[in-house]
Amino acid sequence: MKKHILSVTVENKPGVLTRVATLFRRRGYNIESLAVGETENPSISRMTIVVNGDDRIIEQVTKQLYKLVDVIKIVDISEEKRVERELVLIKVKADATVRTEIVQIVEIFRARIVDIGRDSLIIEATGDSGKIDAIEDSLRPFGIIELVRTGKIAMVRGGSRG
Amino acid sequence: MKLKGAQILLRCLEEEGVDTIFGYPGGAVLPIYDALYDSNIRHILVRHEQGAAHAADGYARATGKVGVCIATSGPGATNLVTGIATAYMDSIPLVCFTGQVATHMIGKDAFQEADITGITLPITKHNYLIERTEDVARVVREAFYIARTNRPGPVVVDLPRDVMENVIDYESDKEEICIRGYRVMKGFNSGQVIAAVDLIRKAERPVIYAGGGVISSDASLELRELAEKRKIPVTTTLMGMGAFPSNHYLSLGMLGMHGTRYANYAISESDLIIAVGVRFDDRVTGKLDDFAPHARIIHIDIDAAEIGKNVDVDVPIVGQVKEVLAAINQRLDSVEEYTEWHKTIDRWKDEYPLVYGAPSEERIMPQHIIEVISEITQGKAIITTEVGQNQMWAAQYYKFKYPRTFISSGGLGTMGFGFPAAIGAKVARPDLPVFDIAGDGSIQMNIQELATAVQYKLPVIICILNNQYLGMVRQWQGLFYKGRYAYTDVSHQPDFVRLAEAYGAVGMRIKDSSEVEKAIREALEIKDRPVVIDFWVEREADVYPMVPPGKSLIEMLGGD
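Residues numbered from 1 in each chain as written. Chains lettered and ligands numbered in written order. Predicted model: local features only at pLDDT ≥ 70, side-chain atom pairs only at ≥ 80, totals over all residues. Heavy atoms only, no water.

Draft legend 1. Structural context of the environment of Ala428 of chain B. All names here are of chain B. Tracing the backbone shows Ala428 in helix H18 (residues 418-428). For Ala428 and Tyr59, which are 369 residues apart along the polypeptide, the C-alpha to C-alpha distance reads 5.6 Å. Leaving out residues up to four positions away in the same chain, Ala428 has contacts with Tyr59, Ala62 and Thr63. (Helix = DSSP H or I, 4+ residues; strand = E, 2+ residues; numbered from the N terminus. Contact = heavy atoms within 4.5 Å.)

Next comes the structure, spelled out in structure tokens:
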């Protein structure tokens, strides 16, 4: 089992996300993460889908996805040189005694503090999954109140389109 | 020209060559029915929307054209669902129009509102909810295009009432259909064709395994050419019945769970399987690990997603079955030999013919009825079936000779399918006798359509193989549940003869084998209304041979 990143361009229309999600559910494939947004062409959206599976499963997923009329193109970019990003918002307990320590961690990860409460901070970080996992681990000892993490988005390096 | 959405819809249907619609009116489709009233398109009024979907399906299977049905919003639309799923599983081209509440009411739980595009998402090839009258023409064209091209399938078009009622300026433009995410499959990989030809030349024990794709691709002649050129035995799936003549010397009949022993043995012993328009369904392969252990596999199909879905194949060829077979045939020379392989198969055919037992007094063997219909009609009839024992006996004992003459719910296995499908088939092919081979259980699932058949003077012949059981389930209870017949005894049933007569159909009851032929000949003489023949058959007759579930194809029960 290997993680695959599928970059799927679809019609930017209502219901397309449901079609894709229904297909995964119905065929018994599990979506690990999913990010959707408009592309440079407003009539097209891009879904970045991370799915676990051996080559046979990924081949089936891809073929079944292609059968959806609203799916335009699918590229498995797992083997490509690429830039990957996720974004996380972490609300962490932070009274006066630990604030300096947290600020240092934020600086090390080149993250940002985006909100300050009386006893808490909201920290925003972007990066690949490894960095996001690391900042989460570093902040956990202080007490994470809330955490929101986006799905992965990715882009192939160089001049070509994914 | 100023036209209502509903009028534009009807014009588009006429442009698509639609001559018949099966439907049932209701509040949300009133504007469409009003437009239909002025149209030349024939509307067949069914008595339940499920009947409309199955009738459109039967029409499509009998002709190869797209079947069309219409139902109102809410319960009308949800009543189509079983019919849509049936067509989806068997890759039948349908366009199903459903009424919808007005656009400003959608999502408000309005009266007779159902999210039919949501409900049918996993059982349609594609579906549409039209939100603007300006989109009606484009969507209808796309719907037909998608339904009939590549691997065919049902498309649902949901039509809000206001979209049908609104008037816009409309000029018919024959714009090219352009759907970014949908391309019609053209051509094939010729390198793969050469690889296939090479395997066929070298094979010593080849078998062709042909399915519904041969029929939907209209490739029976090409299939026959391949078989005859290389003297390759042919077995068909349930969906492939009629793709190859059953009385041909190379025919092995059906394979799989209730296939012939010789078909299953041939597949299991073969060194090359040429799989054409098939999907390696579990009812065909039996236990997957033991399927055709010695064979290399060539798989030809229009749907790339079917390649490697259930079994690994050696030479996949994605393309129109008809084109691919023609290309293969072109590269193959004829052989004349009668080989060891043919001798082995002939020996199996002699040793394990399809057999059934003798009837008891006052009871007929159900298989005998199918044989008599086959004998009388000589393949020149359309046979629809319900689901269960009736379906398997029809597939085993009727000698199909032509494509589109066997109409049966293969994938979904829908009881209640056969009779409305027979109505659709009869509307499409009034020149052919149409039989619905039914069970006493299945026929009661859509018996209300007798009113439809009587109204439109459709002489469909319903042969009820009446064993007063849900026979196939009872058979499994007998074999695998220690004979505990839990709730499969349906002997509490209506008098089918009087029921037929109440609807205005002809009813007959036959209990004696010697009267079977006479009854069928009499039924064939009736040209202006349906006939129900209630055959009292041997109650505990079973379908054999049989591959028990989860077993391999060579572990068959019965028929030896």
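What follows picks up the thread again.
Draft legend 2. Quick look at the pattern of salt bridges. If you walk through the whole model with that rule in mind, you get 52 salt bridges over all chains. Where Glu306 of chain B meets Lys309 of chain B, a salt bridge forms, and the shortest distance between an N and an O atom there is 3.2 Å. Note on Lys309 of chain B: relative accessible area 23%, which makes it partly exposed. Overlapping salt bridges, with partners in common, bring together Arg82, Glu84, Glu86, Asp133, Glu136, Asp137, Arg140, Arg149 and Lys152 of chain A in one network. (Salt bridge = Lys/Arg side-chain N within 4 Å of Asp/Glu carboxyl O. Buried < 20%, exposed > 50% of the residue type's maximum accessible area, 1.4 Å probe, protein only.)

Draft legend 3. Looking closely at unusual backbone geometry. All names here are of chain B. Omega for the peptide link from Tyr544 to Pro545 comes to -5 degrees, which places this bond in the cis form. Summarising the element assignment, Pro545 is placed in the segment after strand E20 (531-536). Even without a glycine there, the phi angle at Arg404 is positive, about 65 degrees. Turning to its location among the elements, Arg404 is positioned in the loop between helix H17 (389-397) and strand E16 (406-407).

Draft legend 4. Geometry of the domain arrangement of chain B. Residue and element names in this part refer to chain B. Here chain B is partitioned into domain 1 (2-169), domain 2 (190-351) and domain 3 (366-536). Averaged C-alpha coordinates put domain 1 and domain 2 at centres separated by 37 Å. Between domain 1 and domain 2, the contact holds six residues from the first and six residues from the second. Where domain 1 abuts domain 2, roughly 530 Å² becomes buried across the two surfaces, and 52% of that area is made up of carbon and sulfur atoms. At the junction of domain 1 and domain 2, the tally comes to two salt bridges. A salt bridge links Arg151 to Glu306, with the nearest nitrogen and oxygen atoms 2.8 Å apart. The class makeup of the residues in the side of domain 1 that touches domain 2 is two nonpolar, one polar and three charged. (Domains from an automatic or database assignment. Buried area = accessible area lost by both parts, 1.4 Å probe. Nonpolar A, V, L, I, M, F, W, Y, C, P; charged D, E, K, R; others polar.)

Draft legend 5. Spotlight on the domain arrangement of chain A. All names here are of chain A. In terms of domains, chain A is made up of domain 1 (2-76) and domain 2 (82-155). Opposite the six residues of domain 1 that make contact, domain 2 presents six residues. Between domain 1 and domain 2, roughly 450 Å² of surface is buried when both sides are summed, and carbon and sulfur atoms account for 69% of that area. The largest contributions to the domain 1 side of the interface with domain 2 come from Ile5, Ala35 and Thr48, which together make up 67% of the buried area. Taken together, domain 1 and domain 2 are joined by zero salt bridges. Counting residues per element, the ones that place at least two in the side of domain 1 that touches domain 2 are strand E2 (31-38) and strand E3 (44-53). The element contributing the most residues to the side of domain 1 that touches domain 2 is E2, with three residues. Within the side of domain 1 that touches domain 2, the residues separate by chemical class into four nonpolar, two polar and no charged.

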